Amino acid sequence: MGKGFFISKTLTIAGVIVGAGAVATIIALSVVYSQEKAKNQEVKPTNGGTSPPTTTQVTPWDPWDHYRLPDSLSPVSYNITLWPRLEASRSTGLYIFTGRSAVVFECKKPTDLILIHSNKLNLTLINGHHARLTGLDGATPPNIKDSWLQPVTQFLVIQLDGRLQAGNRYELYSDFTGELADDLGGFYRSEYFVGEIKKVVATTQMQPTHARKAFPCFDEPAMKAVFHMTLLHPHGTVALANGMNVVDGQDVTQTSFQATPIMSTYLLAFVVSEFDFIRSPEGEKIRIWARKQAIEEGQGDYALEKTGPILEFFEKYYTTDYPLNKSDQIALPDFSAGAMENWGLITYRETALLFNNASSSNADKEWIATVISHELAHMWFGNLVTMRWWNDLWLNEGFATYVSYLGANSAEPTWNYTDLIVMKEVYKVMSVDALASSHPLSTKEQDIMQPAQISELFDSITYSKGAAILRMLSEFLTEPVFARGLSTYLNTFKYGNTVYQDLWNHLQTAANLAPDLELPASIEVIMNRWILQMGFPLVSIDTTNGHITQNHFLLDPESVVDRPSEFHALYLIDDASSLYSDTHPPLKMIGSDWVLANTKVSGFFRVNYDTANWERLLTQLSTNHEVTFNHSLHTKLALRTTLYLQKEREYMPWEMADRNLGYFFLMFDRSEVYGPMRAYLRKQVMPLFNHFQAITANWTKIPDNHLDQYTQVRAISLACSSGVPVCEALMTSWFQAWMKTPEKNPIHPNLRQTVYCGALAAGGVEEWNFAWKMYKEAPIASEAEKLMYGLTCTREPWLIQRYLTYCLDPEKIRKQDATFTMVYIAGNVVGQSLVWDFVRANWNYIYNDYGSGSFSFGRLIEGITRRFSSEFELKQLQQFIKENSDQGLGSASQAVEQALERTKANIKWVAENKADVFQWFTDNSKLI
């Protein structure tokens, strides 16, 4: 039998959360709602969703007013030459690039219209028109009648006086100039300093819709073509692109590149810089590029060490060779995402590729291994085989997120890294997917048209829920069957485009060939319930009668879901009987044994039990805490699961407790509940703090085990934040020692972010100014990031206000870091209202000057509003939406909708639970 989501009864469980070795204390945001009330009511399924609420849309009359390309033309190849100027124009002060492009395309249907994407390019007129059209292989082209740019839909429109003929090939040539701006999208400019000398890098970020800012192109994933690139650049610089470089030229260096495989425009990349590189032994063609100082200091060594083994892992996993003849990876000073899987030239933030043994932490190393693994996974899944349209982005990114844990685990087998997917992906995304304003993983193509709508898809649902659902599928198919289906899928569709049903078909074929695998329904029937409707189920188990039911789990059970679903929010949990009903076969009970379900959290659902079984579980927890919960329960009952934490020494339980108790702190750190709540946490964490003080010889050593190192950091962080006096004194003394000898930081890299935050919270302007100076002088980005976070922890409002003004000054805070800095400030109870006022006052500037390519509006709104829990804050949020209704909220539209729902739910929950929570913490914070 194949694995499924089966209810399991266990008398003793050791390390059941994928080998973590201890209980995971789960009190998710959604868990804090009163489930006792809900379970006594009749279970009525709530509609999930496959489509958004019905709205009236005006169908554009002219083809150029649509956002999608027509199917009349298909690109074959591009020949592109670009010349970025790495010095600003003396007359305008602008950095620019010039270029020329010739795209060969085939006519699929007769047409007298050419639509090709072009955005923010100044096209040189040729004979009075924006481009020149020629016929190939004897084809006679019609004359151009008219041409113009359509800014809203980002098209170059070319009307012809006759029709292009189906089956013929033509070439469209254009000359153009563009700005090499610092907006982190398309062909853009990144800067850094070597001493007092500013260095400029010309680099790219094409995903999702920015290739059209670099050259006119058919900028959709299914419009694959071959690219021939040439870059002109100053002597002393090096040029890179997807293919291997061939250097020529006199006045300027001319570098041409091997033609790419047939691929999508969003995977194109090119860079001009003064960077240096290290490489693998001859034949493997792996190169790590970065600033010369970073390469000289060995900051690329770890990435080089792990890239080869991870590539080998995926070649075996996919049973398909790496498709290219080289793999360049480059660390950029300015980059909007974590990394980008450009085929053959992967671009990274410096924090995601560079590692320094003297100043980088084990968390930095883990992040680098994970991001490299994620991007290399895309070389096959996403690049070799590509989604047809962005509505299936979840399959591309969800898959890479899931297998990134497998690849990183193969490179660092002692980390037990696959265990952490539950905490980092599954539990994290459930708090979002429990909102009525969540969205399905997959939607209809026609629902995702505009660039802002595409950008909104790059969210936690796409990445984390996508990973959780595919992990669940792999679990019940078994990993060997899953991998076999992937292999045939990749080989069948290589260099092509697919929809998600194509993958289901190949996995189904692999499942049919597995003799011991029995499924209750086809993979498509099973999985459609998980990807075509939003949300996830709450499985309720009543051990008094064995009844099992399910219903759509919502943060606020009374919220209205307005996305219709043919499945009525029912999911396949156990066997075929659950496909069309919310009931399951009764569970057979034995005596007074306790029951625990979904122990590996392989199923994407939460579980609730009757009160008697909860009491048995709590008794078991108090006597033997080697047991794992993945459940939903009443607030007081949930808090009781934390009572045992005084006995806990493992990472996973403490990390989950910290994350989920964090919700209580967000709701109550401005109220009278905060005092006893903080006292309770201090009482619970003291044994853990004392334990690590003892085993590290009074903090002079670092534990050997990877997860123990994390637990040490968590012990110090919680002890200091909860007011353990010796902890605050410890952090302050470490920081003061560093201030006395700035050239030698005595704080271990693992502890730096925590220590910086604690010391700056306890200190004043002197400490803040010192940290700011060290931030600006940091030799590696990961150290700068720790200081950037620590600076947000000050309790001085005027320093926070100063820091906020820095956020919109790229000379002080890089544009790539502005969002993170403001969100970090919002995490500080002193800074939360200040950053909210600041963002509202500067929204027009942020929206227009930073742009969607460099600023994650969704992340900003979510981070600032997560503490909102009052009617006053709700009205402020509603007023913010009203004031910006004319220009819109861009890619933050969905995040604002979710913020409204979350705020209303927070208000309701605080009103219902504040008195009980205050009393519980008061009663349990007393020292015995």
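In case you missed it, the structure is sitting above this.
Residues numbered from 1 in each chain as written. Predicted model: local features only at pLDDT ≥ 70, side-chain atom pairs only at ≥ 80, totals over all residues. Heavy atoms only, no water.

J.: Explain the state of the cysteines to me, please; I cannot follow it from the model alone.
T.: Here is the idea: a disulfide is a covalent bond, and it sits between the sulfur atoms of two cysteines. The tally for this structure, following the rule as stated, stands at 2 disulfides. A sulfur-sulfur separation of 1.8 Å characterises the disulfide bridge that pairs C720 with C727. Judged by the sign of its S-S torsion, about -85°, the bond between C720 and C727 is left-handed. Assessed through its relative accessible area of 0%, C727 is described here as buried. (Disulfide = S-S within 2.5 Å. Buried < 20%, exposed > 50% of the residue type's maximum accessible area, 1.4 Å probe, protein only.)

J.: Teacher, can you tell me more about unusual backbone geometry here?
T.: The general pattern is negative phi for most residues beyond glycine and trans for most peptide bonds. A cis amide bond links Q207 to the next residue, P208, at an omega of 0°. On the secondary structure map, P208 appears in the loop between β11 (197-205) and β12 (226-233). Phi angles above zero are rare outside glycine, and T319 is one such case at about 50°. With respect to the secondary-structure elements, T319 resides in the loop between α3 (301-318) and β19 (327-332). (Helix = DSSP H or I, 4+ residues; strand = E, 2+ residues; numbered from the N terminus.)

J.: Explain the packing of helix α6 (residues 421-433) against helix α14 (residues 651-668) here, please?
T.: Packed helices, taken two at a time, are described by their axes: the angle between them and the distance between them. Put simply, α6 and α14 touch, their axes get as near as 11 Å, and they point 25° apart. In terms of their interaxial angle, α6 and α14 are classed as roughly parallel. Judged by the sense of rotation from one axis to the other, the crossing of α6 with α14 is right-handed. On the side of α6, the interface is formed by M423, K424 and Y427, while α14 contributes Y651, M652, E655, M656 and R659. Broken down by class, the residue content of the contact of α6 with α14 amounts to 5 nonpolar, no polar and 3 charged. (Axes fitted to C-alpha atoms, helices over the stretch in contact; angles between N-to-C directions. Parallel < 35°, antiparallel > 145°, perpendicular 65-115°, else oblique. Left-handed = near helix turned anticlockwise from the far one by under 90°. Contact = heavy atoms within 4.5 Å. Nonpolar A, V, L, I, M, F, W, Y, C, P; charged D, E, K, R; others polar.)

J.: Explanation requested: the sheet that holds β19 in the structure shown.
T.: The strands making up a sheet are joined through hydrogen bonds of the backbone, oriented either antiparallel or parallel. Strand order across the open sheet formed by 5 strands is β17-β18-β19-β21-β20, with mixed pairing between neighbours. Strands at the two margins of the open sheet, each flanked by one partner only, are β17 (276-279) and β20 (339-340). Along the sheet, α3 contacts β17, β18 (286-290) and β19; its crossing angle with β18, the most-contacted strand, is approximately 150°. (Pairing = 2+ DSSP bridges.)

J.: Teacher, can you tell me more about the pattern of salt bridges here?
T.: Two side chains that carry opposite charge are able to pair once their charged atoms sit near each other. Taken as a whole and assessed by the stated rule, the structure comprises 36 salt bridges. For the salt bridge of K815 with D182, the shortest nitrogen-to-oxygen distance reads 3.3 Å. A residue pair is termed long-range when its members are at least 10 positions apart, and K815 in helix α22 (residues 815-826) and D182 in the loop between β9 (169-179) and β10 (186-194) qualify at 633 residues. In this structure K815 comes out as buried when scored by relative accessible area, which is 7%. (Salt bridge = Lys/Arg side-chain N within 4 Å of Asp/Glu carboxyl O.)

This is a description of form; function is not addressed.
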